[in-house]
Amino acid sequence: MFDLAELFKIFGDSTRIRILFVLFDNEHSVSDIADVLNMTQSAVSHQLKILRQAKLVSARRDGKQIFYSLADEHVHTIIQVGREHIEE
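Calculation rules
- Residues numbered from 1 in each chain as written.
- Predicted model: local features only at pLDDT ≥ 70, side-chain atom pairs only at ≥ 80, totals over all residues.
- Heavy atoms only, no water.
- Patch = residues over 30% accessible without salt bridge, like charges linked within 9 Å, V, L, I, M, F, W, Y side chains within 5 Å.
- Areas by Shrake-Rupley, 256 points an atom, 1.4 Å probe, with all protein chains shown as cover.
- Salt bridge = Lys/Arg side-chain N within 4 Å of Asp/Glu carboxyl O.
- Helix = DSSP H or I, 4+ residues; strand = E, 2+ residues; numbered from the N terminus.
- Pairing = 2+ DSSP bridges.
- 1 Å grid on protein atoms, 1.4 Å probe; cavity = no way out; pocket = protein on both sides within 12 Å on 5 of 7 lines; lining within 4 Å.
- Points joined across faces, edges and corners; volume = space filled by probe spheres on them.
- Nonpolar A, V, L, I, M, F, W, Y, C, P; charged D, E, K, R; others polar.

**A few points about a nonpolar patch on the surface**
Together, Met-1, Leu-4 and Phe-8 give the surface a local cluster of nonpolar side chains, amounting to about 400 Å² of exposed area. Inspection of the secondary structure puts Phe-8 in helix H1 (residues 2-10).

**A short note on the pairing of strand S2 (residues 57-62)**
As paired strands, S2 and strand S3 (residues 65-70) are joined by six bridges and run antiparallel to one another. When the bridges of S3 are listed, Ser-58 appears paired with Ser-69. What sits between S2 and S3 in their antiparallel hairpin is a turn of two residues, with Gly-63 showing a positive phi close to 70 degrees.

**Looking at the layout of surface pockets**
In this model, the largest pocket occupies a volume close to 160 Å³. Every residue lining the largest pocket is listed: Phe-8, Phe-11, Ile-17, Phe-21, Ile-78, Ile-79, Gly-82, Arg-83 and Ile-86. Elements that contribute at least two residues to the lining of the largest pocket include exactly helix H2 (14-22) and helix H5 (73-87). Here the lining of the largest pocket takes five residues from H5, the largest share from any one element. Looking at side-chain class alone, the lining of the largest pocket contains seven nonpolar, one polar and one charged residues.

This is the structure we're talking about:
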């Protein structure tokens, strides 16, 4: 139960939720995410670190750039079901 509570704490931050929504359909670089959310790259990187540690986001390197995406279909489902719940 502790681990589940910790997972939901990660979802409790609106900035992290906004990042997850940006990554919902496509992978993006830190600079892309920062531009979309009007945030600094440093702030986005900090939140991505937390999301990666929670295994909600994965990273893929392409040369010097790193692209981030949702870690798996479970994360996609959690976001989708949460969104459907609040829109009812």
